[in-house]
2 protein chains.
Amino acid sequence: MNEFASMHPKEARMLMREGRWDKPTAGMAAGYAQANLVILPQSLAFDFLLFCQRNPKPCPVLDVTEPGSPVPALVAPDADLRTDLPRYRVYRKGVLAEEVTRIDHLWREDMVAFLLGCSFTFEQALLDNGIPVRHIEQHCNVPMYVTNLDCAKAGRFSGPMVVSMRPIPHDQVVRAVQVTSRFPAVHGAPVHIGDPRQIGIADVNTPDFGDPVPIYPGEVPVFWACGVTPQAVAMRCKPELMITHAPGHMFITDQRDAQYGVL
Amino acid sequence: MNEFASMHPKEARMLMREGRWDKPTAGMAAGYAQANLVILPQSLAFDFLLFCQRNPKPCPVLDVTEPGSPVPALVAPDADLRTDLPRYRVYRKGVLAEEVTRIDHLWREDMVAFLLGCSFTFEQALLDNGIPVRHIEQHCNVPMYVTNLDCAKAGRFSGPMVVSMRPIPHDQVVRAVQVTSRFPAVHGAPVHIGDPRQIGIADVNTPDFGDPVPIYPGEVPVFWACGVTPQAVAMRCKPELMITHAPGHMFITDQRDAQYGVL
């Protein structure tokens, strides 16, 4: 393990807080769960939490801060979400306004931060079970697609589910379902196995986000609900201010991946 | 199966809607999940939902209505929560004001209804696995205790966890953990096994709610988080109006028990 992989989450977060790390977090603090960040004004918080509750596969909630508090008390009680991620995106009225490395100057007393589970945890579980993860092999981003699967609506939030795809050897598909089912807090079991057209994906080689990956003979495309969904849905209602992590620049929690296994 | 056990949930709810059933729901619509009901004003809804999210074992959320809507769209889209339970309790400023068989006259546009998982589902799973459930054998209520385990606080909501106890033969304790772990939406795995004093219960024969049950030689007391917790916690903040199901008079959903198994 390199020095970043063997770091404790707290050390990794201190690097970011001190402005000494603004790169992606993949591979840092190995064994600890990383999380997606969505920050919204309190006026949207109930609807958004309800949306997450109704759509736990794309929006698995790991922690929600008290309004005005930047401290994720459940998953990292000494962290500060305003400074402890390497890179943030600031959206105004649904449009990307800037990318920054800290947000303390933007913080307001009416803000609520949501931390949502991230696929890194279940990908590690797949790897531990000898199941290949193509985009990791290829050193690229996971391919992501907008589907024709509607999320359950909640107040002002609605929209289609975004999924990620991993090609799985046909004789490991059942095991991949079992392995990821153990981790509902990080997207859990797949939402679809096989023909992409059945969930409204016209061309699996042309993802809407991320990079295409090859599907080899004998492999089956397997689709999991993706953490991009809540951001995409929140954007549709054009909140006056919304802050998220920059893609791949996640929040590193104090919780071990294994702690999110339900059994 | 008797006529009540073999009813579809919709038929059972119609009996209640028409005022023809005001008794407990145990044993009705066998195989379908029943739920606890908590109705609060919208001003408390975010804090309460957050409390549930932070305390999923005592407060497993199955559905939350849109503010003003009495329809649980996820679990029973043609039901009406104002009329489809056999019996309700109305609390004003934290004090029981009345017990009624419908609440349409009390309904307001700012109300939000929460349906929370109920132990009936995991008890059936225990019975299906050959594990005895003492209070069912004894035709009494499950014994419940206030513990020294603090729930995670959320906004105005805080308080101790209430647990229920079932004596389990020592050689079936591990299986009982496995079986109930599969159902996190209905309280899930136990929170404690063995010595009641370790969680602040002075005398296991004197429950705070429900009825005492005997623990036979060779049995171990096993404690699960209890759905009374959210009601008890909500009461502590003395909401101007709160409505719940009357104990044992649950809401019957259209969802099969098995659908809540995570694997």
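Keep in mind that this is a model prediction, so the values were computed, not measured. (Residues numbered from 1 in each chain as written. Chains lettered and ligands numbered in written order. Predicted model: local features only at pLDDT ≥ 70, side-chain atom pairs only at ≥ 80, totals over all residues. Heavy atoms only, no water.)

### With respect to the sheet that holds strand β7 (residues 160-169) of chain B
Residues and elements named next belong to chain B.
In step 1: Pairing is antiparallel across the open sheet formed by 4 strands, whose spatial order is β6-β7-β9-β8. Where the open sheet ends on each side, the last strands, each with one partner, are β6 (144-150) and β8 (192-193).
In step 2: The pairing of β7 with strand β9 (residues 219-225) spans 7 bridges and is antiparallel. By the bridge assignment, S164 is partnered in β9 with W224.
In step 3: Contacts from helix α5 (residues 173-181) reach β7, β8 and β9, with the element oriented near 20° to β9. (Pairing = 2+ DSSP bridges. Helix = DSSP H or I, 4+ residues; strand = E, 2+ residues; numbered from the N terminus. Contact = heavy atoms within 4.5 Å. Axes fitted to C-alpha atoms, helices over the stretch in contact; angles between N-to-C directions.)

### Some words on the side chain of A:T229
In step 1: Along the chain, A:T229 falls in helix α6 (residues 228-236).
In step 2: Beyond its immediate chain neighbours, meaning those up to four positions away, A:T229 contacts A:P58, A:C151, A:P160, A:M161 and A:V162.

### Digging into the relation of the copies chain B and chain A
In step 1: Aligned on chain A, chain B shows an RMSD of 0.0 Å; the corresponding rotation is 180° and the shift along the axis is 0.0 Å. Look at the turn and shift together and you get a two-fold axis relating the two. Taking C-alpha positions as reference, the residue of chain B nearest the rotation axis is B:F46, located at 2.5 Å.
In step 2: The share of interface residues of chain B whose copies in chain A are also at the interface is 100%, consistent with both copies meeting through the same surface. (Least-squares fit on C-alpha atoms with pLDDT ≥ 70 in both.)

### So, helix α1 (residues 9-17) of chain B
In step 1: Taken together, the buried positions of α1(B) are occupied by B:P9, B:A12, B:R13, B:L15 and B:M16. Along the axis of α1(B), the buried residues cluster in a sector spanning 150°; they form a single face. (Buried < 20%, exposed > 50% of the residue type's maximum accessible area, 1.4 Å probe, protein only. Arc of directions from axis to C-beta.)

### What to know about the interface of chain B and chain A
In step 1: Facing 24 residues of chain B, the contacting portion of chain A comprises 24 residues.
In step 2: With both chains or domains summed, chain B and chain A bury close to 1900 Å², and 68% of this area falls on carbon and sulfur atoms.
In step 3: The largest share of the area that chain B buries against chain A comes from B:F46, B:Q53 and B:R54, three residues that together contribute 31% of it.
In step 4: Summed over the shared surface of chain B and chain A, the result is 2 salt bridges.
In step 5: For the salt bridge of A:E66 with B:R54, the shortest nitrogen-to-oxygen distance reads 2.6 Å.
In step 6: The interface formed by chain B and chain A holds 8 residue pairs in polar contact (both at pLDDT 80 or more) in total.
In step 7: Elements with a minimum of two residues in the side of chain B that touches chain A: α2 (42-54), β2 (61-64) and α5 of chain B.
In step 8: The biggest single contributor to the side of chain B that touches chain A is α2(B), with 6 residues. (Buried area = accessible area lost by both parts, 1.4 Å probe. Salt bridge = Lys/Arg side-chain N within 4 Å of Asp/Glu carboxyl O. Polar contact = N/O pair within 3.5 Å; in protein donor to acceptor, adjacent residues only side chain to side chain.)

### Notes on the pairing of strand β10 (residues 242-245) of chain A
The side chains of a regular strand alternate between both faces of the sheet.
All names here are of chain A.
In step 1: Bridge analysis of strand β1 (residues 32-41) against β10 gives 2 bridges, and the strand direction is antiparallel. The residue bridging I39 from the neighbouring strand is I243, located in β10.
In step 2: Pairing of strand β3 (residues 88-92) with β10, which is carried by 4 bridges, proceeds in the antiparallel orientation. If you follow Y91 over to β10, its bridge partner there is M242.

### Points about the sheet that holds strand β7 (residues 160-169) of chain A
All names here are of chain A.
In step 1: The strand order across the open sheet built from 4 strands is β6-β7-β9-β8, with neighbouring strands paired in antiparallel fashion. Edge strands, defined here as strands with exactly one partner in the open sheet, are β6 (144-150) and β8 (192-193).
In step 2: Helix α5 (residues 173-181) contacts β7, β8 and β9 (219-225) of the sheet and is inclined by roughly 20° relative to β9.

### Re the packing of helix α2 (residues 42-54) of chain A against α2(B)
In step 1: Remark: α2(A) packs on α2(B), axes separated minimally by 9 Å, with the N-to-C direction vectors making an angle of 35°. The crossing of α2(A) and α2(B) is left-handed. Residues A:A45, A:F46, A:L49, A:L50 and A:Q53 of α2(A) form the contact with α2(B), whose participating residues are B:A45, B:F46, B:L49, B:L50 and B:Q53.
In step 2: Taken together, the residues that form the contact of α2(A) with α2(B) break down as 8 nonpolar, 2 polar and no charged. (Left-handed = near helix turned anticlockwise from the far one by under 90°. Nonpolar A, V, L, I, M, F, W, Y, C, P; charged D, E, K, R; others polar.)

### Remarks on the domain arrangement of chain A
Residues and elements named next belong to chain A.
In step 1: Segmentation of chain A into domains returns domain 1 (9-118 + 237-260) and domain 2 (120-229).
In step 2: For domain 1 versus domain 2, the distance between C-alpha centres works out to 22 Å.
In step 3: Each side of the interface is counted separately: domain 1 has 26 residues, and domain 2 has 25 residues.
In step 4: Roughly 2100 Å² is buried in total at the junction of domain 1 and domain 2, and carbon and sulfur atoms are behind 63% of that figure.
In step 5: Here domain 1 is connected to domain 2 by 1 salt bridge.
In step 6: Two residues, D47 and R156, come together in a salt bridge whose shortest N-O distance is 2.9 Å.
In step 7: Of all the secondary-structure elements, those providing two or more residues to the side of domain 1 that touches domain 2 are β1 and α2. (Domains from an automatic or database assignment.)

### Quick notes on the environment of B:V162
In step 1: Structurally, B:V162 is set in strand β7.
In step 2: Excluding residues within four positions of it along the chain, B:V162 makes contact with B:M144, B:Y145, B:V146, B:F209, B:W224, B:A225, B:C226, B:V228 and B:T229.

### Focus: the environment of A:M165
Residue and element names in this part refer to chain A.
In step 1: With respect to the secondary-structure elements, M165 resides in strand β7.
In step 2: Relative accessible area serves as the criterion here: at 1%, M165 is assigned to the buried category.
In step 3: Here the alpha-carbon distance between M165 and H245, two residues 80 residues apart in the chain, equals 21 Å.
In step 4: Apart from residues lying up to four places away in sequence, M165 is in contact with V142, P143, Y145, V204, V213, I215, P221, V222 and F223.

### Observations concerning the pattern of salt bridges
In step 1: Considering all chains together, one arrives at 36 salt bridges over all chains under this definition.
In step 2: With its nearest N and O atoms 2.8 Å apart, the salt bridge here joins A:R82 to A:D80.
In step 3: Its relative accessible area of 15% is what places A:D80 among the buried residues.
In step 4: When the shortest N-O distance is used, the salt bridge between B:D254 and B:R13 registers 2.8 Å. Of this pair, B:D254 sits in strand β11 (residues 251-256) while B:R13 sits in helix α1, placing them 241 residues apart in sequence.
In step 5: Residue class for B:R13 comes out buried when judged on its relative accessible area of 2%.
In step 6: Residues participating in the shared-partner salt-bridge network are A:K10, A:R13, A:D78 and A:D254.

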